[in-house]
Amino acid sequence: MFRAIQKGLVWLVDRSGHYHFIVLALAALVTAVSLYGASTRLSIDTDADHLFSAQLPWRQQSMAFAKQFPQFSDTLTAVVRAPTAEEARIAAQALNEKLLQDKEHFHSSSTPGISPFLNREGLLLLPQDELNNTLDSMLQAQPLLGPLATDPSARGLFKGVDLMVEGVRHGMAKDLSSYDAALGNVAQTIEDAVAGHAVPLSWQALLTPNLVSASGGQEFVLIHPVLDHRALEPGQVATEAMMKLAQELPGVKSGRVRVNYTGSVPLADEEFASLTDRAGPIALGSSLLLVFWLVLALGSWRLIVPVLITLVVGLIYTLGFASIAVGRLNLISVAFAVLFVGLAVDFGIQFGVRLHARQYSDRTFDDSLHETANRVVSQIGLAALATACGFLAFAPTDFTGVAELGIIAGVGMLLALLCTLTVLPALLRLLEKGSPHAEVALPGGAKADAWLSRNRKPVLAIFIVLGLAGLWGAITIPFDANPLHTKRTDSEAMRTLTSLMDDPNTNPFTMDALAKDLPSAKALSARLDDLPEVAQVVSGVDFVPTDQDEKLEQISQASDLMFAVLNPGEMAAKPSYDEMRAAARETSDSIASVANQLPANSPLLRIGKALAALAKGNDTQMAMANQALTQFLPYTLKQLADSLSAEKITLQSLPEDLRRDWFTADGKVRVQVTPTAKAQKTEGLRDFVQAVHKVAPDAAGSAVDTIKAADTILDAFRQAAVSATLAIGVVLLLVLRRLRDAGLVIATLLMSALLTALLARLCGLSINFANIIALPLLLGVGVSFNIYFVMNWRHGMRLFLGSPTARAILFSALTTGTAFGSLAIARHPGTASMGLVLLLSLLAVLLSTFAFLPAMLYSIGPCDKPIDKR
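Residues numbered from 1 in each chain as written. Predicted model: local features only at pLDDT ≥ 70, side-chain atom pairs only at ≥ 80, totals over all residues. Heavy atoms only, no water.

This structure, assessed with the given rule, holds 11 aromatic pairs. Ring geometry for Phe69 against Phe72: centres 6.1 Å apart, planes inclined by 25°, an arrangement best described as stacked. The class of Phe69 is buried, set by a relative accessible area of 1%. On the basis of relative accessibility, which here comes to 32%, the residue Phe72 falls in the partly exposed class. Taking the centre distance of 4.9 Å and the plane angle of 65° together, the rings of Phe394 and Phe717 count as edge-to-face. Of this pair, Phe394 sits in the loop between helix 17 (365-392) and helix 18 (400-421) while Phe717 sits in helix 32 (residues 702-736), and the two are 323 residues apart along the sequence. Judged by its relative accessible area of 1%, Phe394 falls in the buried class. Note on Phe717: relative accessible area 5%, which makes it buried. Grouping aromatic residues by their ring pairs yields a cluster made of Phe52, Trp58, Phe394, Phe399 and Phe717. Across from the ring centre of Phe69, 5.9 Å away, lies the NZ or CZ of Arg670, which sits over that ring. If you follow Arg670 out to its NZ or CZ, it ends over the ring of Trp662, 4.2 Å from the centre. (Phe/Tyr/Trp six-rings, centres within 6.5 Å; stacked < 30°, edge-to-face > 60°. Buried < 20%, exposed > 50% of the residue type's maximum accessible area, 1.4 Å probe, protein only. Helix = DSSP H or I, 4+ residues; strand = E, 2+ residues; numbered from the N terminus. Lys NZ or Arg CZ within 6 Å of the ring centre and 35° of its normal.)

Moving on, we get to the side chain of Thr208. Summarising the element assignment, Thr208 is placed in the loop between helix 10 (203-207) and strand 4 (217-225). Accessibility expressed as a relative area gives 7% for Thr208, which makes it buried. Leaving out residues up to four positions away in the same chain, Thr208 has contacts with Thr134 and Met138. (Contact = heavy atoms within 4.5 Å.)

Right, let's talk about unusual backbone geometry for a bit. A positive phi angle, close to 50°, is found at Asp74, a residue other than glycine. In this structure, Asp74 sits in the loop between helix 3 (57-68) and strand 2 (76-82). Looking at Asp74, the relative accessible area reads 46%, which means it is partly exposed.

Glancing now at the environment of Val790. Looking at the secondary structure, you find Val790 in helix 34 (residues 774-794). Here the alpha-carbon distance between Val790 and Thr849, two residues 59 residues apart in the chain, equals 10.0 Å. Once residues within four sequence positions are removed from consideration, Val790 is found in contact with Asp741, Leu744, Val745 and Leu853.

Time to look at the pattern of salt bridges. Taken as a whole, this structure holds 23 salt bridges when the rule is applied. For the salt bridge of Asp715 with Arg718, the shortest nitrogen-to-oxygen distance reads 3.0 Å. Here Asp715 pairs with Arg718, and both are found in helix 32, just 3 residues apart, close to one helical turn. Residue Arg718 is classed as exposed on the basis of its relative accessible area, which comes to 51%. (Salt bridge = Lys/Arg side-chain N within 4 Å of Asp/Glu carboxyl O.)

It is worth spelling out empty space enclosed by the protein at this point. Tallied over the full model, the rule gives 4 cavities of 30 Å³ or more. Volume-wise, the largest cavity comes out at about 80 Å³. Every residue lining the largest cavity is listed: Val307, Thr310, Leu311, Gly314, Phe340, Ala344, Val345, Gly348, Ala416, Cys419 and Thr420. Only helix 15 (301-325), helix 16 (336-358) and helix 18 provide two or more residues apiece to the lining of the largest cavity. Here the lining of the largest cavity is composed, by residue class, of 7 nonpolar, 4 polar and no charged. (1 Å grid on protein atoms, 1.4 Å probe; cavity = no way out; pocket = protein on both sides within 12 Å on 5 of 7 lines; lining within 4 Å. Points joined across faces, edges and corners; volume = space filled by probe spheres on them. Nonpolar A, V, L, I, M, F, W, Y, C, P; charged D, E, K, R; others polar.)

Turning our eyes to something else, we now look at the nonpolar core. One finds Phe399 and Phe785 to be the most contacted residues of the largest nonpolar core, which totals 127 residues. What Phe399 contacts, discounting residues up to four positions off in sequence, is Leu51, Phe52, Ile332, Thr712, Ile713, Ala716 and Phe717. Within the second largest apolar cluster, 95 residues are counted, among which are Met164, Ala521, Phe543 and Met622. (Core = buried A, V, L, I, M, F, W, Y, C linked by side-chain atoms within 4.5 Å.)

For the rest of this paragraph, the subject is the state of the cysteines. By the definition in use, this model includes 0 disulfides. Not engaged in a disulfide, the cysteine Cys389 finds its nearest cysteine sulfur in Cys419; these two sulfurs lie 19 Å apart. Here Cys389 falls in the buried class, since its relative accessible area comes to 17%. (Disulfide = S-S within 2.5 Å.)

To continue, consider the sheet that holds strand 9 (residues 669-675). An order of 7-9-8 is seen for the 3 strands of this open sheet, with the pairing classed as antiparallel. The two strands at the open ends of the sheet, each matched to only one other strand, are strand 7 (511-515) and strand 8 (534-539). Direction aside, neighbouring strands of the sheet carry axes that sit 25° apart on average. Across 5 bridges, the pairing between strand 8 and strand 9 is antiparallel. The partner of Val538 across the bridge, within strand 9, is Gln672. (Pairing = 2+ DSSP bridges. Axes fitted to C-alpha atoms, helices over the stretch in contact; angles between N-to-C directions.)

Following this line, the structure appears as structure tokens:
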């Protein structure tokens, strides 16, 4: 049967060469149809969630959660940062108002940390110990705020400092230590004004230092942008519109406020942008290098041009097939073109080099073509079939990204074979011209064969040792399940996300569970909070606290004690600059009088020194100081009044947006769990997911998706590796009909895999979502190269490295390496790691094919039953 198939393939080559015009016309027609189909039916899907089967249990849980809380999907998050909490809040609110007015680019926008509800009920939502500390800080600041309530100017502040000085006189200097940071800011503000530039003072940091970050203010604006799914970067226009609005903010213009962004939408946009970054120059450079290798391999433009055209036609055929069979290219299968070029060019080179070796001036082209086909079609046919098996083994797996790649690339190999047997002979016949026989053997190959024949046993021993080392590498090579590590760290969305990783409030790797009611949610939260892998638990229960009566009493008492601040009565007349300078001088003198009771590093001493300089300054300096010291005072006093007017919270009194974020329509309560810093590594994240699932088995979230995706990928590759190896083995047995011969190919392939693992381990690489697809490529390239040598040996050949086949393999490897190298120099880390692993795999394949396999063949000796002596 296989002899009949071989004769049929040889006949196809002969007929294609004879009726070359008809074949080329049909090829042009199919090419045009394929291009039309690709342009109208083939789309690019940049959604990473679509890389996995929707039938997987963890994907169904994730989709169910997304359906219940759709507001957390397709988001653009603006991160507003400023030196003070007030500046960040004011800028975030201003940006949110601008976004709400732009319905063309944004569906909705909100500030999760800023709302009338949180302003009023914020103290009630604090844990008891934090509430105690916060109220104590407010009450301690009462002497400072009292004069400011009736005199909201620099003079009023100086009077407040005078009251602190009086406390020092009465031995209370140590009690001021908790205000060192805030008073240091006051000193800095006055010093800056004296120096000629105003920096506003944060009153929130002075009033509630335990609730304000030392690094300044940070607020978020959660945005749902309008997406253009016709564009390769659907959210790019909306993101640019948001940043344009942000640039109009006064704080941004002054340089005091920074607006960065992150979120699922810009991360996906940047992912595709980085994949295509420098694609044009890289494609041009790799194409020129590929042509260079073809020139060295084939020597004549009459051979090079047909091989290149055949390659392009095969690629277009494959695009046409992809548009019909799959309809889209995902973030993984989009790389099929590079892989197709790297693998399919081998068929053309093998055919061209063998034809070049048989072309004599006294022999007709048809005879040379027939003899070449008779020798090579079975080899490249078997190589194409085995390579296709390697790819198609991924089709049944749940890793949809690689499954679709396997379907496209697997069928692509068969289409490449079809083009090599039809389009290539037709083009060669069209451009044929008699030429003298040229030496196409690999230079130095005969000497290398002789050396390998003499030293076959030491060579095999060395490879056995390397194989054992490769086994160690395969067992110990780490798997990095963090998908963020395959993204560009210098992109805006990734830089912003990375800066948020250490904060439990903004860590992206969270888990969410649903409890049936508030008591169940409280119990579940308590159990989760006890886990050592958990840093923080937040749930709907936290917004309806159970100990409200006691807290409300504390807040009410604080409000009574702050009555004079909240109800100032008659306001003092606005002071003149001279009056403010006099107040500054008086306060400076008061501080100097208690200097011996203060620590040397006391900020009060800095304030006294700065006030002495300010008292001697001009009106401009005093105006700057007054503006900087009191700019946010009215805003803070308003917040203070709101926070001390808290009311009892019920489930019914929660704002709609808050209920939507933490409660489902049927009353279930969302419980969000955040891991410790250990979860930034794969092992720590896996421990976190396992620990939470023991308490809440149905919990979903990004942490679960990350770990389960890693498990799905590993399972898919284990399944595909076994299936591909079995399929390749069966194909080899059916075609070669000898267990030993098939075993030689499989053994060499196994050695290539072990050497790849060893090289990757020595280079410090880890396996990730992107570079793991080197496995099917390793199978494809390794099988092809090994089959050529084994079938030559079956034909009675004893010179392996000194044959035209070795030359063809070498230049096939160089062209393949060029294609893979174009991936290795990409700016996208995942793509670059994939290219690097592919290059290491190619090196391992060459070492195995050019050294290990010949050494085995020389050890076995001549094939006992050569198939063909020609």
